[in-house]
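Summary of the model geometry
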Amino acid sequence: MNAASEVSLLDSLPTGVFIAGKWHDAPTGQRFDVEDPATGKVLTTVANGSPVDGLAALDAAAAAQTAWAGTPARTRAEILRAGFEAVTARAEDFALLMTMEMGKSLTEARGEVAYGAEFLRWFSEEAAHISGRYSPSPDGNSRLLVTKRPVGPCLFITPWNFPLAMATRKVAPAIAAGCTMVIKPPALTPLTTLLFAQVMHEAGLPAGVLNVVPTSSAGAVTGPLIADPRLRKLSFTGSTEVGVRLLQAAAGTVLRTSMELGGNAPFLVFADADLDAAIEGAIAAKLRNGGQACTSANRFYVHHSLADVFAKRLASRMSEMTLGRGTEAGVQIGPLIDEHSRQKVADLVDDAVSKGARVFTGGRMLPGPGYFYEPTVLTDVPAEARALSEEIFGPVAPIVPFHDEQEAINRANATPYGLISYVFTRDINRVLRLSEQLETGMLGVNSGIISNPAAPFGGVKQSGLGREGGAEGIEEFLETVYIGLSNPFA
Ligand code: NAP
């Protein structure tokens, strides 16, 4: 990619508030900066939406709801399909934009475009399959009719780490179900959502169905919407800490919520594992997005017979990674999103080392510009190291040996989180036992990446509520209505 294509993409981007099919400046005229984390330079500025903009966006979503709910499912499906084609046609623009504002490599960004677009295609197919049921009541005295209808106007709050996919995973099922929406994109990476809104508008999505309010004041803008009885659904992806606060606020109006929150994924390697596959899986589960994924492997529990060789081979692979600005050829790992995140990663490594851990490879921040941290392997990590209990969100792999299956299960479950677990073994019976005993919403078996738009993504415990993707994803946006009919034969 050359600098000219970056400039022309930035020049062509919408950077306003998007309400009722129109782009506006924030009435205050205020804007905020969007930075490239690989250089620390400002890429562009974006309208800084205010609480007034937030409520105007909800007005638009509420006004569009009845007509959108009454739009035939086939029409909604075809708009989603057109959106899939349009995002795919502009895949290079979306990929470059995500690399610029978030830092991931272009190869990974292209992968996210394919993954993110696939939600539009998957839910275009689901839209036409919303159905209910009809049955006699057991006592024979009545007939039961059960139907589904869209839940109504939604608020989506999304994180910076997957700027496209975290939006499409909510937007696509909402469109399929017949819901309208307001999106509060992440302040660090709002540009991808703004381009996506423009592309969906051009693909035929009616005005008011999808509204976007970028802002640097997330709580001030979303608080009044969450308290407004016209809002019927809050879907949030982000940290457990913010999710808890939003759940407390949502209780005030008994708002339906979906919460995709933090993780602390265990990665279990048993003595019978295919070691090559385990190393490949570890690289994928640890280094995807530079370790900045809720699905990142956070704790590596390896059978003691393999722990040394696993650490040596993983360290060798991780130390060979090429770091740099994601637009450059050959770069595999980009920067962390900002200095605060990089400092947190450094603090977790320092904490582990101060408690006795050994740095097998890496363990340093790289000089600027940009927020780079070396891929790092830690061994001899004591149980009290914070890196084992907190989400690292960076390229650091702490390795801990275990002796038997029950010990591995106990260690894996010793966390308030339960998003995803990874297991490497050739024993199918062990896989079945683990699937019943690990406290997890998702289980990757001999694979370091299992996210799939056709599968239900989500966690248990403090990793969240609800599921995104799969047949389950659309249910989050549907209400069930029961209609009792008197017996027609009585
Ligand atoms: P975050 O700080 O919780 O922010 C997520 C979103 O919430 C952003 O849009 C943010 O706005 C907004 N926000 C922050 N405070 C808010 C408030 N008081 N009221 C309303 N909105 C508020 O999380 P993050 O750092 O962006 O993302 C990393 C976290 O997300 C990690 O814990 C990761 O595991 C989790 N995650 C989970 C999944 C999943 O599917 N389970 C997927 C991806 C990420 P600003 O941008 O303005 O701060």
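For the structure given in this document, a descriptive report is provided here. (Residues numbered from 1 in each chain as written. Predicted model: local features only at pLDDT ≥ 70, side-chain atom pairs only at ≥ 80, totals over all residues. Heavy atoms only, no water.)

A look at the overall build of the protein chain
Secondary structure assignment for the protein chain yields 16 helices and 20 strands. The C-alpha radius of gyration of the protein chain comes to 23 Å, within 12% of the 23 Å expected for a compact globule of 490 residues. Seen through its principal axes, the protein chain has C-alpha atoms that stretch 70 × 65 × 40 Å. Every one of the 490 residues in the protein chain was classed for burial, and the buried ones make up 57%. Only carbon and sulfur atoms are counted for the fraction: they give 54% of the accessible area of the protein chain, which is about 18700 Å². A gap of 4 Å separates the mean positions of the 41 positive and 51 negative side-chain charges of the protein chain. (Helix = DSSP H or I, 4+ residues; strand = E, 2+ residues; numbered from the N terminus. Rg over C-alpha atoms; globule rule 2.2 N^0.38 Å. Buried < 20%, exposed > 50% of the residue type's maximum accessible area, 1.4 Å probe, protein only. Areas by Shrake-Rupley, 256 points an atom, 1.4 Å probe, with all protein chains shown as cover. Lys, Arg positive; Asp, Glu negative; His and termini not counted. Charge placed at Lys NZ, Arg CZ, Asp CG, Glu CD.)

Looking at empty space enclosed by the protein
Applying the stated criterion across every chain yields a total of six cavities of 30 Å³ or more. Its volume calculated, the largest cavity comes out at about 70 Å³. Along the wall of the largest cavity there are 16 residues; nearest its centre are P266, Y417, G418, I420 and E439. If you list the elements that add at least two residues to the lining of the largest cavity, you get β12 (265-269), α14 (405-413) and β17 (420-424). Of the residues that constitute the lining of the largest cavity, the class distribution is seven nonpolar, seven polar and two charged. (1 Å grid on protein atoms, 1.4 Å probe; cavity = no way out; pocket = protein on both sides within 12 Å on 5 of 7 lines; lining within 4 Å. Points joined across faces, edges and corners; volume = space filled by probe spheres on them. Nonpolar A, V, L, I, M, F, W, Y, C, P; charged D, E, K, R; others polar.)

Topic: the pattern of salt bridges
Tallied over the full model, the rule gives 28 salt bridges. Between R325 and D36 there is a salt bridge whose closest N-O contact spans 2.7 Å. Taken together, the residues R325 in the loop between α11 (307-319) and α12 (339-354) and D36 in the loop between β3 (31-35) and β4 (42-47) connect sequence positions 289 residues apart. A relative accessible area of 16% places R325 in the buried class. Residues E241 and R245 are paired through a salt bridge, measuring 3.8 Å at the closest nitrogen-oxygen approach. Here R245 and E241 lie together in helix α9 (residues 240-250), a separation of four residues that amounts to about one turn. Judged by relative accessible area, which is 59%, E241 ranks as exposed. Judged by its relative accessible area of 52%, R245 falls in the exposed class. Each of D272, E405, R430 and R433 takes part in salt bridges that share partners, so that together they form one network. (Salt bridge = Lys/Arg side-chain N within 4 Å of Asp/Glu carboxyl O.)

Regarding helix α2 (residues 51-69)
Spanning 19 residues, α2 covers 26 Å between terminal C-alpha atoms, matching the ideal 27 Å at 1.5 Å per step. Residue A63 marks the point of greatest curvature in α2, where the axis turns by about 30°. (Expected span 1.5 Å × (residues − 1). Bend = angle between axes of the 7 residues up to and from the residue.)

Let's talk about the layout of surface pockets
By volume, the largest pocket amounts to about 1100 Å³. Along its surface, the largest pocket is lined by 35 residues, and W160, F236, G238, S239 and V242 are the ones closest to its centre. Contributions of two or more residues to the lining of the largest pocket are made by α8 (218-227), β10 (233-237), α9 and α12. Here the element with the most residues in the lining of the largest pocket is α9; it accounts for five residues. Its residues assigned to classes, the lining of the largest pocket shows 17 nonpolar, eleven polar and seven charged. Counting contributing residues, the lining of the largest pocket receives three or more from each of domain 1 (3-261 + 464-480) and domain 2 (265-453). Its volume calculated, the second largest pocket comes out at about 270 Å³. (Domains from an automatic or database assignment.)

Some points on the nonpolar core
In this structure, F267, F310 and L314 are the most contacted members of the largest nonpolar core, which totals 93 residues. Shared between two domains, this core holds at least three residues of each, these being domain 1 (3-261 + 464-480) and domain 2 (265-453). Every residue in contact with L314, bar those within four places of it in the chain, is listed here: I279, A282, I283, V377, A397 and I399. Core analysis: the next-biggest nonpolar cluster, separate from the first, contains 26 residues, F270, L348, A357 and Y373 among them. (Core = buried A, V, L, I, M, F, W, Y, C linked by side-chain atoms within 4.5 Å. Contact = heavy atoms within 4.5 Å.)

Side note on the packing of aromatic side chains
For the coordinates displayed, the defined rule picks out ten aromatic pairs. Aromatic side chains W160 and F393 sit 5.8 Å apart centroid to centroid with 90° between the ring planes, which places their arrangement in the edge-to-face category. Of this pair, W160 sits in the loop between β7 (154-157) and α6 (165-177) while F393 sits in the loop between α13 (386-389) and β16 (396-402); the two residues are 233 residues apart in sequence, bridging distant segments of the chain. Classification of W160 by relative accessible area gives buried; the value is 16%. Ring centres of F267 and F424 lie 4.9 Å apart, and the angle between their planes is 25°; this geometry places the pair in the stacked category. Taken as a pair, F267 in strand β12 and F424 in strand β17 lie far apart in primary sequence, 157 residues in all. Each member of the pair, F267 as well as F424, carries the same accessibility label: buried. A cation over a ring is seen here: R169 above F457, with NZ or CZ 3.9 Å from the ring centre. Here K233 stacks its cationic end above the ring of F477, 5.2 Å away from the centre of that ring. (Phe/Tyr/Trp six-rings, centres within 6.5 Å; stacked < 30°, edge-to-face > 60°. Lys NZ or Arg CZ within 6 Å of the ring centre and 35° of its normal.)

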